[in-house]
Amino acid sequence: MDSVSHAAVISSSKLSYGGRVSFNKYKNPLLRSSVVSLRNWRAPSRNLGVLAARIGNKEIDFSDPDWKTNYQRDFERRFNIPHITDIFPDADPIPSTFCLKMRTPIMEDFAGGYPSDEEWHGYINNNDRVLLKVIHYSSPTSAGAECIDPNCSWVEQWVHRAGPREKIYFQPEEVKAAIVTCGGLCPGLNDVIRQIVITLEIYGVKRIVGIPFGYRGFSDEGLSEMPLSRKVVQNVHLSGGSLLGVSRGGPSVSDIVDSMEERGINMLFVLGGNGTHAGANAIHNECRRRRMRVAVVGVPKTIDNDILMMDKTFGFDTAVEEAQRAINSAYIEAHSAYHGIGIVKLMGRNSGFIAMHASLASGQIDICLIPEVPFHLHGPLGVLRHLKFLIETKGSAVVCVAEGAGQNFLGRTNATDASGNTVLGDFGVHIQQETRKYFKEIGVHADVKYIDPTYMIRACRANASDGILCTVLGQNAVHGAFAGYSGITVGICNTHYVYFPIPEVISYPRAVDPNSRMWHRCLTSTGQPDFV
Ligand SMILES: Nc1ncnc2c1ncn2[C@@H]1O[C@H](COP(=O)(O)OP(=O)(O)OP(=O)(O)O)[C@@H](O)[C@H]1O
Ligand SMILES: O=P(O)(O)OC[C@H]1O[C@](O)(CO)[C@@H](O)[C@@H]1O
Ligand SMILES: [Mg+2]
């Protein structure tokens, strides 16, 4: 009897963004983004008696008639985005240099009394908010219900709307802006760089530089900053990768901030994943500690789509699209061979979003294995037995595995990369070998083909959908910095663009919820049984 693959939801790397997180039946990711422990909370049911939940340092007593108001107040506080006036209360804003010139309205067009040209300026008001959750679950047992209290009450939660403000807190001629790209590659990095530069220039910024090869570029002698302008970035989005280069590891936060001070950088745009954002937040805090008038703004970058609260991160769509070619090849190989089995391994260290979405998109996958959903390989309920069934009934099969799936079947290496991320074992190779062995043992012919397109799905140009996302995120990053915000990141939430405080989106990696509608849709599409 083999062991069951465990849900690898929390990275065991050195990155600890928000302390330890205890997972439980409670489904609301907002609650999970702090240390959450529930007391006297048993199951989502309407008829429970004493109820309380600990959220961060706060205890919620659901019998208190004001619990919702208090929760919302606390939520507002947590999702408040740091502003320059927090440390410089006397900082005076100036009218924005970002021009939103509208055409002169023709009165017939606005017969109902549309605002005049003066009133309709097109800027975002600082009090504008976007609703974080849009489903009003009528029951805690509703599919995918994300409840705060056991009755699954409706609690409005709002986050800050992104975009250009009427007043700005930086004189463009005094700005030196820097862009840095860290972590692994992701389609769309160049699109974001391009748009940040273009938008900065529209505000009137003349000094814009790229920091080469991630945070390392702040400290490594011999790596000099790259002057950026519209001319330099005009066509960079036509190719994949990062114009600036990427890296893992690098200098300490204090060395990075020393370097920023030396270079006179007062706007820093940081493109990266969880680790990079943890770094960006630490840089923001250090700048505040030193009372530097600086804006640090992140743009979440990960093909894995593992950042909390966002509809998606840029590069994810493209990665899913690129994965189609590998899946289709695996399908053709499997379908054309006698008892063909195609296996495709896709990226996704902690989260199976790429594998799940690529499987759904292709319609060619019979078995999708992701880190979040435990499974047996061997035994009567195991994956291999199901493969035998598929060979007997369909004649061929295609399997899609996420890189982080099935890690418990492999020996631990304890190896880490330069950023401290755990180096995973190769489950794709393992399942390929086990499949061959299994069919040999049972005396059934099987023609197993293994495709690992790992870097091919991210080392490519962004598709059109990601291109748009990158463009809007890049613009909003600049708007956020000029509006005086720092320690924030940009994202898309329920199709609207928003600013989040960094700690709230990186407290743990976002993962596929095995109870979600999307995972169930994937199962409906593949037709796979539970392998436990
Ligand atoms: N907790 C942290 N505090 C400060 N810096 C960090 C922290 N974690 C990671 N970093 C730095 O952030 C950079 C990128 O981290 P990492 O290699 O983990 O990639 P990432 O941003 O998570 O992107 P990817 O999605 O590609 O893994 C590295 O230079 C690393 O040193
Ligand atoms: O080989 P590299 O560059 O460290 O990147 C690999 C990692 O990048 C990721 O896509 C994360 O962004 C993981 O899924 C994968 O493990
Ligand atoms: Mg990471």
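Owing to the predicted nature of the structure, the values given are computational and were not obtained by experimental measurement.

Below, the discussion takes up the overall build of the protein. Counting its secondary structure elements, the protein contains 13 helices and 18 strands. Pairs at least 24 residues apart make up 76% of the contacts formed inside the protein by residues separated by at least 6 positions.

The next point concerns the confidence of the model for the protein. Taken residue by residue, the protein gives an average pLDDT of 88. The fraction at 70 or more is 86%. The ipTM assigned to the predicted complex is 0.96, against a pTM of 0.89.

Lining the immediate environment of ligand 2, one finds Gly183, Gly184, Gly273, Thr302, Ile303, Asp304, Met347, Gly348, Arg349, Glu403 and Asp417. Taken together, the residues of the shell around ligand 2 break down into two nonpolar, five polar and four charged.

Right, let's talk about the site of ligand 1 for a bit. Taken together, 21 residues lie around ligand 1, and Gly183, Gly273, Gly275, Gly279 and Ser419 are the ones closest in. Considering each element in turn, the shell around ligand 1 owes the most residues, six residues, to helix α6 (residues 274-289).

For helix α9 (residues 383-393), the full list of buried residues reads Val383, Leu384, His386, Leu387, Leu390 and Ile391. What you see down the axis of α9 is that its buried residues fit within an arc of 155°, all on one side. Opposite the packed face of α9, turned more than 90 degrees from it, sit the exposed residues Glu392 and Thr393. Contacts from the buried residues of α9 go to β13 (340-346), β14 (367-369), β15 (397-402) and α10 (427-441).

An order of β5-β6-β18-β17-β12-β11-β8-β9-β10 is seen for the nine strands of this open sheet, with the pairing classed as mixed. What marks the edges here is a single partner per strand, and that holds for β5 (129-131) and β10 (226-227). Taken together, the two bridges between strand β9 (residues 207-211) and β10 define a ladder with antiparallel strand orientation. Bridging from a neighbouring strand, Val209 pairs with Pro227 of β10.

Taking 1.5 Å of rise per residue, the 15 residues of α10 would be expected to cover 21 Å, and the 21 Å separating its terminal C-alpha atoms lies within 8% of that figure. Looking at the buried positions of α10, the neighbouring elements they touch are β13, α9, β15 and β16 (447-451). Phi for Gly443, located one or two positions after α10, is positive at around 70°.

Turning to the packing of helix α7 (residues 316-336) against helix α8 (residues 353-362), a few remarks are in order. Viewed as axis vectors pointing N to C, α7 and α8 meet at an angle of 60°, and their least axial separation amounts to 9 Å. As far as their axial angle goes, α8 and α7 are oblique. Between α7 and α8 lies a crossing whose hand is right-handed. For the pair α7 and α8, the contacting residues are Phe316, Ala319, Val320, Ala323, Gln324, Ile327 and Asn328 in the first and Phe353, Ile354, His357, Ala358, Ala361 and Ser362 in the second. Split into classes, the residues belonging to the contact of α7 with α8 amount to nine nonpolar, four polar and no charged.

This next bit is on the environment of Asp513. Structurally, Asp513 is set in the loop between α12 (502-505) and α13 (517-526). Accessibility expressed as a C-beta count within 10 Å gives 15 for Asp513, which makes it partly exposed. Residues Asp513 and Val180, 333 residues apart in the sequence, show an inter-C-alpha distance of 32 Å.

Bringing the UniProt feature "domain: Phosphofructokinase" (unreviewed entry) in the protein into the picture now. Mapped onto this numbering, the UniProt entry annotates "domain: Phosphofructokinase" (unreviewed entry) at residues 177-479. Helix and strand shares over residues 177-479 are 39% and 15% respectively, and the end C-alpha atoms of the span are 13 Å apart.

Their axes nearest at 9 Å, the elements α8 and α13 cross at an angle of 45°. Relative to α13, the element α8 is oriented oblique. The element α8 and its partner α13 pack so that their crossing is left-handed. Residue-level inspection shows Met356, Ser359 and Leu360 of α8 in contact with α13, the latter providing Met518, Trp519, Arg521, Cys522, Ser525 and Thr526. Across the contact of α8 with α13, the residue classes break down as five nonpolar, three polar and one charged.

Scoring rules and cut-offs
- Residues numbered from 1 in each chain as written.
- Chains lettered and ligands numbered in written order.
- Predicted model: local features only at pLDDT ≥ 70, side-chain atom pairs only at ≥ 80, totals over all residues.
- Helix = DSSP H or I, 4+ residues; strand = E, 2+ residues; numbered from the N terminus.
- Contact = placed C-beta atoms within 7 Å.
- pLDDT = per-residue confidence, 0-100.
- Near = placed C-beta within 6 Å.
- Nonpolar A, V, L, I, M, F, W, Y, C, P; charged D, E, K, R; others polar.
- Buried ≥ 20, exposed ≤ 12 C-beta atoms within 10 Å, placed from the backbone.
- Arc of directions from axis to C-beta.
- Pairing = 2+ DSSP bridges.
- Expected span 1.5 Å × (residues − 1).
- Axes fitted to C-alpha atoms, helices over the stretch in contact; angles between N-to-C directions.
- Parallel < 35°, antiparallel > 145°, perpendicular 65-115°, else oblique.
- Left-handed = near helix turned anticlockwise from the far one by under 90°.
- UniProt positions renumbered as here; feature names shortened; annotations may be inferred.

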